[in-house]
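Summary of the model geometry
Now for the letters of each chain:
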Amino acid sequence: MNTIELPVATNSLRTRMFINGSWVAAKSGAQLPVYNPATGEVLAHVPDADANDVNDAVSSAVHTFKSEAWRRMPPVKREAILLRLADLLEENANELAELETLNNGKLLIYSRMVEVGASAQWLRYMAGWATKINGTTLDLSLPMPPQVRVRASTQRVPVGVVGAIIPWNFPLLMAVWKIAPALACGNTVVLKPAEETPLTALRLGELALEAGLPPGALNVITGRGEIAGNALVQHPQVNKIAFTGSTEVGRIIGAACGQNLKAVSLELGGKSPVIVLSDCDPQQAAEGAAAAIFFNHGQVCTAGSRLYIHESIYEDVLERMKDIAESIVLGAGLDKDVQMGPMVSAKHYENVLQHIRNGLDDGAELVCGGAERPLPHGYFVKPTIFANRNKKDIRLLTQEVFGPVLIATPFSSVEEVLDEANSSIYGLGASVWTNNMSAALRLADELEAGTVWINTHNMVDPNLPFGGFKASGVGREHGAAAVEHYTETRSLVIAY
Ligand code: NAP
Ligand code: MG
């Protein structure tokens, strides 16, 4: 295999969790194995935190929040620390990227560009908000008693302790999507990475301390969702939960936060449609649609997993997509010649294979790929395309796979494809491919999706609100919306 030199990341495997600026084991002593999904080998062990450990992390976050150390630090200093953290990510880019690829399986180039590169940009963008949080001055209509004058204003204040719970598909980037705006607004954070991928989050906590963040402002607890995640959600001193993950777990967390009247934002699953209109160049359409589903091995919440192609070019586009899918080289993300890595875990690998078997059972026609093991070791799934020429009722049309599995359906009219695109319970992303801008914008006006792309897919930006309609979530991340997420509004009235 054409790998890079011995990974430097193996020197920086952290085997404890990060509470109040120190490395600690779980009080129970329990540990969880962390795997390399390209080989199935154990990479490291991390603490298996329970409610006692979560309580320590929350206490540390509460203590730092109440102190002057972070919340009352001049915003320009908070900004400088977050900018320094962005620089530190870049200075340690090789190590972080290798660590991410070893743990998550994704290609090294994406670990560098997306996990490290985009995370640094997100930190810089959010750092800028620290100095731009403002309120309003208001006229009131009902001063009491009538001769009294009033001056009213609003102030945005941090919510307090934020519990951030994230998935495994973009481990470092998802951590930064949560911690950057939360910290910029003056909150303190307890972060729980996914049990599969805790390693870069632990390094992030350490680098944040090096950047000048006070101890306790960012705590990273490792462990399982039902135990550590649940303890964070239930903790009375956690003021807000910011969650990204599956719709199934989102429902549990949303219900618990409703019961406890705790602020919550939910970024959940998707089944995003890709709509190719009749005027498209078939090769460009095939390349765009292949990138929409196969990027990050399909482990993307906005993955373009339902493809709708106009019937006039359906067979042509499908044939070209088959060629693209069959040319994709599978292997370890550290191998420079590889174009697609493994699924993140043995469990997820089995889930994805089950979805492929469901497609076969439901009568979808296999165009390429399938459920056979392509490599002797690791959790690899072949890029898989199903055709749905007879427009059957197939589970692949409704259930999120979160892997490199596509179902392609022909359509004859714009009205028909719009109905089908909007028939999902999800509403995270959608893309339209055409040179007919009027048709594209008319579709965009009606698509039930938090983001609609035209002639591109999966494009995100720190300045662009991101989130879901329907079962894809509640709330928006990024842009100015992030400040609303991580602050409360306090109204102030002065009588004179
Ligand atoms: P998941 O099973 O929902 O887990 C997400 C996180 O929640 C993990 O840290 C998990 O811990 C934790 N968790 C599980 N049960 C919990 C509970 N009862 N209480 C508190 N925390 C709990 O999702 P996943 O399999 O890691 O990630 C894939 C999913 O994320 C997909 O559905 C995808 O669409 C979605 N996603 C959405 C977005 C978006 O922005 N909308 C982005 C990326 C991914 P464990 O690791 O221990 O299970
Ligand atoms: Mg999980």
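Just so it is clear, the model here is predicted, and its values are computed rather than measured. (Residues numbered from 1 in each chain as written. Chains lettered and ligands numbered in written order. Predicted model: local features only at pLDDT ≥ 70, side-chain atom pairs only at ≥ 80, totals over all residues. Heavy atoms only, no water.)

1. Comments concerning the overall build of the chain
Basically, it comes down to this: A run of H or I in DSSP becomes a helix once it reaches four residues, and a run of E becomes a strand once it reaches two; helices and strands are each numbered from the N terminus. Note that the radius of gyration is over C-alpha atoms, with the globule rule given as 2.2 Å times the number of residues to the power 0.38. Exposure categories follow from relative accessible area, calculated using a 1.4 Å probe and restricted to protein chains: below 20% of the type maximum is buried, above 50% is exposed, and the middle band is partly exposed. Should any heavy atoms of two residues lie within 4.5 Å, those residues are counted as being in contact.
Looking only at helices and strands, one finds 14 helices and 22 strands in the chain. Since a compact globule built from 496 residues should have a radius of gyration of about 23 Å, the 24 Å found for the chain is in line with a globular shape. In terms of principal-axis extent, the alpha carbons of the chain reach across some 75 × 60 × 40 Å. Out of the 496 residues in the chain, the part that is buried amounts to 57%. At a minimum sequence separation of 6, the contacts of the chain that also span at least 24 residues come to 74%.

2. Observations concerning helix α9 (residues 282-294)
Our working definition: An expected span of 1.5 Å times one less than the residue number is assigned to each helix.
The end-to-end C-alpha distance of α9, which contains 13 residues, comes to 18 Å, matching closely the 18 Å that a straight helix rising 1.5 Å per residue would cover. The complete set of buried residues in α9 reads Pro282, Ala285, Ala286, Gly288, Ala289, Ala290, Ala292, Ile293 and Phe294. Residues of α9 that are buried make contact with β12 (273-276), β13 (306-310), α10 (314-327), β15 (384-387), β16 (405-411) and β18 (429-433). Positive phi shows up at Asn296, right after α9, with a value of about 55 degrees.

3. Considerations on the confidence of the model for the chain
The test is simple: One confidence number per residue, pLDDT, is output by the predictor and ranges from 0 to 100.
Across the chain, the average pLDDT comes to 96, with 98% of residues at 70 or higher. Taken as a whole, residues 1-6 scores under 50 in pLDDT and shows 12 contacts with residues more than four places along the chain or in a different chain.

4. Digging into the site of ligand 1
Spelled out, the test is: If even one non-hydrogen atom of a residue comes within 4 Å of a molecule or strand, that residue is called near it. Accessible surface is estimated by sampling points in the Shrake-Rupley manner with a 1.4 Å probe; for residues, cover comes only from the protein chains shown.
What surrounds ligand 1 is a group of 29 residues, the closest being Glu195, Gly225, Ser246, Leu268 and Glu400. The fraction of the free accessible surface of ligand 1 (900 Å²) that becomes covered by protein chains is 90%.

5. A word on helix α5 (residues 171-184)
The end-to-end C-alpha distance of α5, which contains 14 residues, comes to 20 Å, matching closely the 20 Å that a straight helix rising 1.5 Å per residue would cover. Most of α5 is tucked away, with 14 of its 14 residues classed as buried. Remark: Gly186 follows α5 within two positions and exhibits a positive phi of approximately 95 degrees.

6. A word on the environment of Ile221
Examined against the element boundaries, Ile221 turns out to sit in the loop between β9 (218-220) and α7 (225-234). Along the primary structure Ile221 and Asp53 are separated by 168 residues, whereas in three dimensions their C-alpha atoms are 7.9 Å apart. If near-sequence neighbours (up to four positions away) are discounted, Ile221 is found in contact with Met17, Ile19, Val54, Ala57, Val190, Leu191, Lys192, Pro193 and Ala228.

7. Considering the nonpolar core
Selection rule: What we call a nonpolar core is a set of buried Ala, Val, Leu, Ile, Met, Phe, Trp, Tyr and Cys residues that are connected through their side-chain atoms within 4.5 Å.
With 129 residues, the main nonpolar core has Val189, Leu191, Ile241, Val276, Leu307, Met321 and Ile385 as its most contacted residues. The element that contributes the greatest number of residues to this core is α5, accounting for 11 residues. When near neighbours in sequence (up to four residues on either side) are disregarded, Leu307 contacts Val274, Val276, Ala289, Met321, Leu406, Ile407, Ala408 and Thr409. The next biggest cluster of nonpolar side chains, apart from the first, holds 28 residues, and it includes Leu353, Ile407, Ala440 and Leu447.

8. Details of a nonpolar patch on the surface
Spelled out, the test is: Surface patches are drawn from residues lacking salt bridges whose relative accessible area is over 30%; two like charges belong together within 9 Å, two nonpolar side chains (Val, Leu, Ile, Met, Phe, Trp, Tyr) within 5 Å. Each salt bridge in this description consists of a side-chain nitrogen of Lys or Arg and a carboxyl oxygen of Asp or Glu lying within 4 Å of one another.
There is a patch of nonpolar side chains on the surface, built from Leu138, Leu140 and Val493 and spanning about 250 Å² of accessible area. The topology assignment puts Leu140 in the loop between β5 (137-138) and β6 (150-158).

9. Concerning the pairing of β13
Rule in force here: Being paired, for any two strands, means DSSP has found at least two bridges between them. We call a crossover right-handed when, viewed with the strands running away from us, the connection from the first strand over the helix to the second turns clockwise.
Within β13, 5 of the 5 residues are buried, leaving the element largely enclosed by the surrounding structure. A two-sided burial pattern is seen for β13, the buried positions comprising Arg306, Tyr308 and His310 on one face and Leu307 and Ile309 on the other. As paired strands, β12 and β13 are joined by 4 bridges and run parallel to one another. Looking across to β13, one finds that Val274 is bridged to Leu307. Tracing the backbone out of β12, into α9 and back to the parallel element β13 gives a crossover that is right-handed. Note that β13 and β16 share 5 bridges and pair parallel. Residue pairing for β16: Leu307 is matched across the bridge by Ala408.

10. Remarks on the state of the cysteines
Put simply, the rule reads: Two cysteine sulfur atoms form a disulfide, by the criterion used here, when they sit within 2.5 Å.
Taken as a whole and judged by the stated rule, the model has 0 disulfides. The thiol of Cys185 is not disulfide-bonded; the next cysteine sulfur, from Cys257, is found 18 Å away. Taking relative accessible area as the criterion, Cys185 reaches 5% and is therefore assigned buried. There is no disulfide at Cys301, and the cysteine sulfur nearest it, in Cys257, is 20 Å away.

11. With respect to the sheet that holds strand β19 (residues 451-454)
What links the strands of a sheet is backbone hydrogen bonding, and the strands pair in either a parallel or an antiparallel sense. Formally: Here an angle of 0 to 180 degrees is reported between the N-to-C directions of two axes, which are lines fitted to C-alpha atoms, with helices fitted over the stretch in contact.
The 7 strands are arranged β14-β15-β16-β13-β12-β18-β19 in an open sheet whose pairing can be described as mixed. Two strands lie at the open edges of the sheet, namely β14 (365-368) and β19, each paired on one side alone. Strand-to-strand twist of the sheet, defined as the mean angle between neighbouring strand axes without regard to direction, takes the value 25 degrees. With 3 bridges connecting them, β12 and β18 associate as parallel partners. Paired with Ile275 across the two strands is Val432, which belongs to β18.

12. Side note on the pattern of salt bridges
Here the structure, examined in full by the defined rule, presents 16 salt bridges. The closest approach of N and O atoms between Arg203 and Glu206, which form a salt bridge, is 2.5 Å. Here Arg203 pairs with Glu206, and both are found in helix α6 (residues 199-211), just 3 residues apart, close to one helical turn. Arg203 sits in the buried class, given a relative accessible area of 7%. Owing to a relative accessible area of 19%, Glu206 belongs among the buried residues under this scheme. Note that Arg389 is salt-bridged to Glu315, the shortest N-O span being 2.8 Å. Residue Arg389 is located in the loop between β15 and β16, and its partner Glu315 is located in helix α10; the two are separated by 74 residues in the primary sequence. Given a relative accessible area of 33%, Arg389 falls into the partly exposed group. Judged by relative accessible area, Glu315 falls into the partly exposed class, the value being 43%. A network of salt bridges, in which partner residues are shared, links Asp87, Glu90 and Arg124.

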